[in-house]
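# A closer look at the structure
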Amino acid sequence: MKKALSFIFALLILIPNCAAAYAAPATTAIRDAEGLLAIREVPSGSYTLEADIDLGGLDWKPIAFSGRLDGKGHTIYNLTVTSCGEEARTTLDGNLKPYDTVFAGLFSVLEGAEVKDLHLKGERILIESSEHCYAGGIAGYIDGASISGCYVDARICLINHAVMTGIGGIAGFGCGKVSNCVTDTELIFEDRNAESRCEQFMGGVLACGAADIDGNDITVRGYDSCLGYVHDGGLVGLYYACGMKTDANSVCDNIINGFISFFENNPDRRAYCGPAFGEHLQMPYYFHGNTDNFERRETWDYDTVLSPEKCTEPDYEDEVTLPGCDSWGFTKRTCKGCGYSTVENYTSPRHTPSEWETVKKPTYEKAGSEHLMCTVCGKEIEKRSIPALVASQSCSLSQHSVLLSTGDTLELKAEVLPDDATDCSVTWTSSDSSVAAVDENGSVTAVGKGHAVITAETGDGFASDSCEITVRARLFRRLLSLLN
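Everything in this summary refers to the structure shown in the same document. Model, not experiment: these values are computed from the prediction.

Okay, the environment of Val416 next. Take Val416: it is sitting in strand 39 (residues 414–417). Sequence separation between Val416 and Ala463 is 47 residues; the distance between their C-alpha atoms is 8.4 Å. Those residues within four positions of Val416 in sequence are excluded, and the remaining contacts are Ser392, Ser394, Cys395, Cys424, Val426 and Thr458.

Written out as structure tokens, the structure reads:
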């Protein structure tokens, strides 16, 4: 019996410790660019965005991430990426041939990570690489990652001199889950490897790989100038397990809009391009509910690199739209020659604040409150507390009994405590101003013979102090001094 009781007691001690050991990790709030940059110091951490973040003017270095990021509907805007992350991974083509590959995106690599409810607006990925390379709006490489509820507005341009290469509106290469995302992406690929036929992939969601892709609304405008093998799809360029462990088996209920314009300058022509997949080496078990308004645009003009800009030296005219209370500001750049336009330099929605207005006046017993209102839409922008008033506790005069002769003056000083009392002002009064008069600064003038009391009272009325003034005739005062 004693042994049983000892065992139960030991369990009661261990259970709280075990619960603490398996407690959810602490979540770090991110409110600015510095907070985003700090992710690379703890890439396995848990993070939430608490504000929209402007990355304009910063050349972003992609991060390898294995943690959790909840965007909470906030936006990272004006993100620019001009180089790949330092982390390389092995990618495989359709023949399972391996390539050491580098990656670009907000994240270079997502492994076992979760990214949800994150918005990217005005993203620009501009990469020229001599290495095997993939780029994606959110990540260049995913392995067991989950991406959900995200929005990607991006222009992704990849000029590649190697073989294994691709662009995805959300991710480049790999396996995972992409659900309930919205994209509006411009994907531009240029192949500069004339010696070896590249394995090129482009997809509105994923360039190459196998993922559960469900409930997404995809808009893609693709431009693909390829000297090797084209694999272009509204959702996925090449759908297959790509040598990675995956249980992906669903591509359902997606909306696909847009086009991919391409050429394949290759005598061993394949030219895979379709609304869902360019090519598939396997099919997901569930494949239904997908709708598309997608156009395959193939051209045989191999001398002209495909691009949304038609002018070799475009002359842009800028039109600036200021932000509103609920609308983004931006600069629309339109080429005077070909009419191509692009939107960049976003500014976040903002209200026009009034002056602070008191909602509830503070008292000596309770705090009050005040708020900022938008002068345009009338919405309350910010509200803050006004501390309760602090009462004065004491008022001490520099002197308490003084003998004066008519015509004399005296400067009385009053000390009010505590120092942080809300109203430290002092009101001065005389019990008989025909004897001693006092002004607002505590300056006393002896007027006539007699007695008077000078009183100092704090502005809040909680404390006071007095000084007795005796006034004698000047001759009497002189005789009194001679006698002493």
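So, on to the nonpolar core. Counting residues in hydrophobic clusters, the biggest one holds 86 residues, and the most contacted among them are Leu36, Phe107, Leu110, Leu118, Ile138, Ile147 and Ile170. The greatest single-element share of this core, amounting to 6 residues, is contributed by strand 20 (residues 206–214). Excluding residues that lie within four positions of it along the chain, Ile170 makes contacts with Gly136, Gly137, Ile138, Ala139, Ile147, Val152, Val178, Cys181, Thr183, Gly204 and Val205. If you look at the next biggest cluster of nonpolar residues, it comprises 19 residues, including Leu397, Val416, Ala436 and Ala456.

Before going further, it helps to examine the environment of Val305. Inspection of the secondary structure assignment puts Val305 in the loop between strand 29 (291–298) and strand 30 (316–321). Judged by relative accessible area, Val305 falls into the partly exposed class, the value being 44%. For the pair formed by Val305 and Cys226, sequence separation is 79 residues and the distance between their alpha carbons is 9.2 Å. Setting aside anything within four residues of it in sequence, one finds Val305 in contact with Glu190 and Ser225.

The next subject is the packing of aromatic side chains. As enumerated under the stated definition, the model contains 16 aromatic pairs in all. Ring centres of Tyr47 and Phe65 lie 6.2 Å apart, and the angle between their planes is 45°; on these two criteria the pair is classed as tilted. Here Tyr47, found in strand 2 (residues 46–49), pairs with Phe65, found in strand 4 (residues 63–65); they are 18 residues apart in sequence, far enough to count as distant. We note that Tyr47, like Phe65, is buried. Judged by centre distance (4.9 Å) and plane angle (75°), the rings of Tyr77 and Trp328 are edge-to-face. Taken together, the residues span a long stretch of sequence, with Tyr77 in strand 6 (residues 75–77) and Trp328 in the loop between strand 30 and strand 31 (329–335) at a distance of 251 residues. Per residue, the accessibility class of Tyr77 equals that of Trp328, and both read buried.

Right, let's get into the sheet that holds strand 38 (residues 409–411). The 3 strands lie next to each other as 38-42-41, forming an open sheet whose pairing is antiparallel. If you trace the sheet from one side to the other, it starts and ends with strand 38 and strand 41 (436–438), each paired once. Within this sheet the neighbouring strands show an average axis-to-axis angle of 20°, counted without direction. Of the strand pairs in this sheet, strand 41 and strand 42 (residues 443–446) are connected by 3 bridges, and their pairing is antiparallel. Directly across from Val438, in strand 42, lies its bridge partner Val444.

Time to look at the side chain of Thr165. Along the chain, Thr165 turns up in strand 16 (residues 164–168). Judged by its relative accessible area of 0%, Thr165 falls in the buried class. The contacts of Thr165, once residues within four sequence positions are left out, are Cys133, Tyr134, Leu158, Asn160, Phe189, Glu199, Gln200 and Phe201.

Cut-offs and rules
Counting of residues starts from 1 at the beginning of each chain's written sequence and follows it residue by residue. Per-residue local features are limited, in this predicted model, to residues with pLDDT of at least 70; the limit for side-chain atom pairs, both in listing and counting, is 80 or more; totals at the level of whole chains, interfaces and linings are taken over all residues. Here the side-chain values reflect all heavy atoms present in the structure, with hydrogen atoms and water set aside. Under the scheme used here, helices are H or I runs from DSSP no shorter than 4 residues and strands are E runs no shorter than 2 residues, and both carry numbers assigned from the N terminus. Should any heavy atoms of two residues lie within 4.5 Å, those residues are considered in contact. The nonpolar core is taken to be a set of buried Ala, Val, Leu, Ile, Met, Phe, Trp, Tyr and Cys residues, with the residues joined through side-chain atoms within 4.5 Å. Note on classification: 1.4 Å probe, protein chains only; a residue is buried when its accessible area is under 20% of the maximum for its type, exposed when over 50%, partly exposed between these limits. Here a pair means two rings of Phe, Tyr or Trp (six-membered ring of Trp) with centres within 6.5 Å. Their orientation is stacked below 30 degrees between planes, edge-to-face above 60, and tilted elsewhere. One requirement defines pairing of two strands: DSSP has to find at least two bridges between them. A fitted line through C-alpha atoms serves as each axis, taken over the contacting stretch for helices, and the angle formed by two N-to-C directions is quoted from 0 to 180°.

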